[in-house]
Amino acid sequence: MNATSRMRIWVETHSDIIWDLVRIYLGIGLFLKAIFYLVHRDYLLQLMDSMGTSWFAPAIMAHYVILAHLFGGLLMALGLITRVAALVQIPILLAAVFYVYLPRMALIEPRQSLEFSALVLFLLALIFAFGAGRFSVDHLLWKKERSQVAAHSAA
């Protein structure tokens, strides 16, 4: 058996670890994106202005985006209230894909932002649907709670 086959078998038998790594990576990436937006608020406000919203909406949305990415990304990386943390990110990525990047797709410019935002949106939907995984604070808390419930029901 060659190394590729052994690695494929390992990945198939340890898919929960792979999903946890994806969740942690995505959480850290969203956290770092929030830091980027904190340092470059003018860039974020420019993106919000390109959506063509009213005069006060970009400032409100910028605060929501920064806070959601900052705290949601950190919570996702830890695996704490993971589904809620992913759910708060989904409207932001929907807006990024459909209102910011998709309308500019016909222009001849680098479109990596559209593809990347769509990928992050897809991964967030998966994390929302499937939860945190075995290596998360959520799993530890629910495991402890389940064992307490089982102990009470057995008594």
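This text follows the structure it describes.
Residues numbered from 1 in each chain as written. Predicted model: local features only at pLDDT ≥ 70, side-chain atom pairs only at ≥ 80, totals over all residues. Heavy atoms only, no water.

**A word on helix H3 (residues 41-49)**
- Regarding H3, the residues found buried are Leu-44, Leu-47 and Met-48. The buried side chains of H3 occupy one side of the element, clustering within an arc of 100 degrees when seen end-on. Exposed side chains of H3 directed beyond 90 degrees from the buried face belong to Asp-42, Gln-46 and Asp-49. (Buried < 20%, exposed > 50% of the residue type's maximum accessible area, 1.4 Å probe, protein only. Helix = DSSP H or I, 4+ residues; strand = E, 2+ residues; numbered from the N terminus. Arc of directions from axis to C-beta.)

**Considerations on the packing of helix H1 (residues 3-13) against helix H2 (residues 15-39)**
- Look at H1 against H2: their axes get within 4 Å of each other, and the N-to-C directions meet at 80 degrees. It follows from the interaxial angle that H1 and H2 lie roughly perpendicular. Here H1 contributes Trp-10, Val-11, Glu-12 and Thr-13 to the contact with H2, which in turn contributes Ser-15, Ile-17 and Ile-18.
- For the contact of H1 with H2, a count of residues per class yields four nonpolar, two polar and one charged. (Axes fitted to C-alpha atoms, helices over the stretch in contact; angles between N-to-C directions. Parallel < 35°, antiparallel > 145°, perpendicular 65-115°, else oblique. Contact = heavy atoms within 4.5 Å. Nonpolar A, V, L, I, M, F, W, Y, C, P; charged D, E, K, R; others polar.)

**Examining the packing of helix H5 (residues 82-101) against helix H6 (residues 112-130)**
- Their axes nearest at 8 Å, the elements H5 and H6 cross at an angle of 155 degrees. As the angle between them shows, H5 and H6 are arranged roughly antiparallel. When you trace H5 past H6, the crossing you get is left-handed. Residues Thr-82, Arg-83, Ala-86, Leu-87, Gln-89, Ile-90, Leu-93, Leu-94, Ala-96, Val-97 and Tyr-101 of H5 form the contact with H6, whose participating residues are Ser-113, Leu-114, Ser-117, Ala-118, Val-120, Leu-121, Leu-124, Ala-125, Ile-127, Phe-128, Ala-129 and Phe-130.
- The residue makeup of the contact of H5 with H6, split by class, is 18 nonpolar, four polar and one charged. (Left-handed = near helix turned anticlockwise from the far one by under 90°.)

**A closer look at unusual backbone geometry**
- Of note in this structure, Ile-81 is not a glycine but carries a positive phi near 40 degrees.
- Tracing the chain through its elements places Ile-81 in the loop between helix H4 (57-78) and H5.

**Topic: the layout of surface pockets**
- In this model, the largest pocket occupies a volume close to 640 Å³.
- Looking at the largest pocket, it is lined by 29 residues, and the ones nearest its centre are Lys-33, Tyr-37, His-69, Leu-93 and Ser-117.
- Taken together, the elements giving at least two residues each to the lining of the largest pocket come down to H2, H3, H4, H5 and H6.
- The residue inventory of the lining of the largest pocket, partitioned by class, reads 24 nonpolar, four polar and one charged. (1 Å grid on protein atoms, 1.4 Å probe; cavity = no way out; pocket = protein on both sides within 12 Å on 5 of 7 lines; lining within 4 Å. Points joined across faces, edges and corners; volume = space filled by probe spheres on them.)

**Comments concerning the packing of aromatic side chains**
- One pass over the full model with this rule turns up three aromatic pairs.
- With centroids separated by 5.9 Å and ring planes inclined at 55 degrees, the aromatic side chains of Phe-36 and Tyr-37 adopt a geometry described as tilted.
- For Phe-36, a relative accessible area of 31% corresponds to the partly exposed category.
- A relative accessible area of 7% means that Tyr-37 is categorised as buried.
- A centroid spacing of 6.5 Å and a plane angle of 20 degrees characterise the contact between Tyr-37 and Tyr-43, whose relative ring orientation is stacked. (Phe/Tyr/Trp six-rings, centres within 6.5 Å; stacked < 30°, edge-to-face > 60°.)

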